[in-house]
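# Understanding the architecture of this molecule
The chain contents come next:
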Amino acid sequence: EYAMINVLAIGAHGDDLEMFCGGTLARCAERGDRVFMCVVTDGRGRPRGNPDQIAVIRQAEAQAAADVIGAELVWLGVRDGELAVDDGTRHLLIETMRRTKPDVIITHPPDDYHPDHRNTCRLVMDASQIARTANYPSDYPPQRGVVPVAFMDAERGVNFMPEEYVDITAVWEQK
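One structure accompanies this document, and this report is about it. (Residues numbered from 1 in each chain as written. Predicted model: local features only at pLDDT ≥ 70, side-chain atom pairs only at ≥ 80, totals over all residues. Heavy atoms only, no water.)

For the rest of this paragraph, the subject is the environment of Val166. Position of Val166 among the secondary structure elements: in the segment after strand 5 (149-151). Among the residues examined, Val166 registers a relative accessible area of 44% and is labelled partly exposed. Considering only alpha carbons, one finds Val166 and Arg27, 139 residues apart in sequence, at a separation of 8.4 Å. Apart from residues no more than four positions distant in its own chain, Val166 is found in contact with Thr24 and Arg27. (Helix = DSSP H or I, 4+ residues; strand = E, 2+ residues; numbered from the N terminus. Buried < 20%, exposed > 50% of the residue type's maximum accessible area, 1.4 Å probe, protein only. Contact = heavy atoms within 4.5 Å.)

Shown next, in the form of structure tokens:
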């Protein structure tokens, strides 16, 4: 008998999770897991146009993608192009981890081609440790257990050496 788990996927941009682990997330949702899709930046960097309007559109797109598989969207809204490894952004991720209580986290690999992806990975790795700390100031209790972090594929597979594979044939159309 399968026991449902909480899966927290964290991507730098609104389309990263769909491209790099969307099939895996769909499979998780299909088997009954609670899936959280966390997008760190607000997406205002692309395409050309009014950045504030683009950010609104990108959030709506991310929500629509989460809705396809019944996932909960976590939109952190850090300005695209300004994602840095800093205490404020790390705090947002710690709070997200503590609130969602993940059994597994999926994020970008550390050697990804894009600086926002690399920074997201570093923030996730740091936050996953601090989220366990009893005396860290937070709105949520610490998550005391160790939470494994899995790395999703990178665009064009740059320096990515997968060890685990998920058959997404059954959810290919959803992806």
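This brings us to the pattern of salt bridges. As enumerated under the stated definition, the model contains 11 salt bridges in all. For Glu72, the salt bridge goes to Arg34, with nearest N and O atoms at 3.8 Å. Highlighted residues: Glu72 in strand 3 (residues 72-78) and Arg34 in strand 2 (residues 34-41), separated in sequence by 38 residues. For Glu72, a relative accessible area of 28% puts it in the partly exposed group. Assessed through its relative accessible area of 42%, Arg34 is described here as partly exposed. (Salt bridge = Lys/Arg side-chain N within 4 Å of Asp/Glu carboxyl O.)

As a rule of thumb, nonpolar side chains are buried together in soluble globular proteins. The biggest cluster of nonpolar side chains holds 22 residues, and the ones touching the most others in it are Leu25, Val35 and Met37. When contributions to this core are tallied by element, the ones reaching two or more residues are strand 1 (6-11), helix 1 (16-30), strand 2, helix 2 (51-69), strand 3 and strand 4 (104-107). Leave out the neighbours within four places in its chain, and Val35 touches Val7, Leu25, Cys28, Ala29, Ile69, Ala71 and Glu72. Among the nonpolar cores identified, the runner-up in size contains 20 residues, and Ile10, Ala12, Val78 and Ala131 belong to it. (Core = buried A, V, L, I, M, F, W, Y, C linked by side-chain atoms within 4.5 Å.)

Bringing empty space enclosed by the protein into the picture now. Under the defined criterion, the tally for this structure stands at one cavity of 30 Å³ or more. Estimates place the volume of the largest cavity at around 40 Å³. Contributing to the lining of the largest cavity are Met97, Ile105, Ser128, Ala131, Arg132, Gln143, Gly145, Val146 and Val147. Among the residues making up the lining of the largest cavity, the classes are represented as five nonpolar, three polar and one charged. (1 Å grid on protein atoms, 1.4 Å probe; cavity = no way out; pocket = protein on both sides within 12 Å on 5 of 7 lines; lining within 4 Å. Points joined across faces, edges and corners; volume = space filled by probe spheres on them. Nonpolar A, V, L, I, M, F, W, Y, C, P; charged D, E, K, R; others polar.)

Bringing the layout of surface pockets into the picture now. When its volume is computed, the largest pocket comes out at roughly 880 Å³. Lining the largest pocket we find 31 residues, and of these Thr24, Phe151, Glu164, Tyr165 and Val166 sit closest to its centre. Going through the elements one at a time, helix 1, strand 4 and strand 5 are the ones with two or more residues in the lining of the largest pocket. Here the residues of the lining of the largest pocket sort into 19 nonpolar, four polar and eight charged. When its volume is computed, the second largest pocket comes out at roughly 220 Å³. Lining of the second largest pocket is provided by 15 residues; of these, His13, Asp15, Arg46, Arg58 and His114 occupy positions nearest its centre. Those elements that place two or more of their residues in the lining of the second largest pocket are helix 1 and helix 4 (115-130). Considering each element in turn, the lining of the second largest pocket owes the most residues, three residues, to helix 1.

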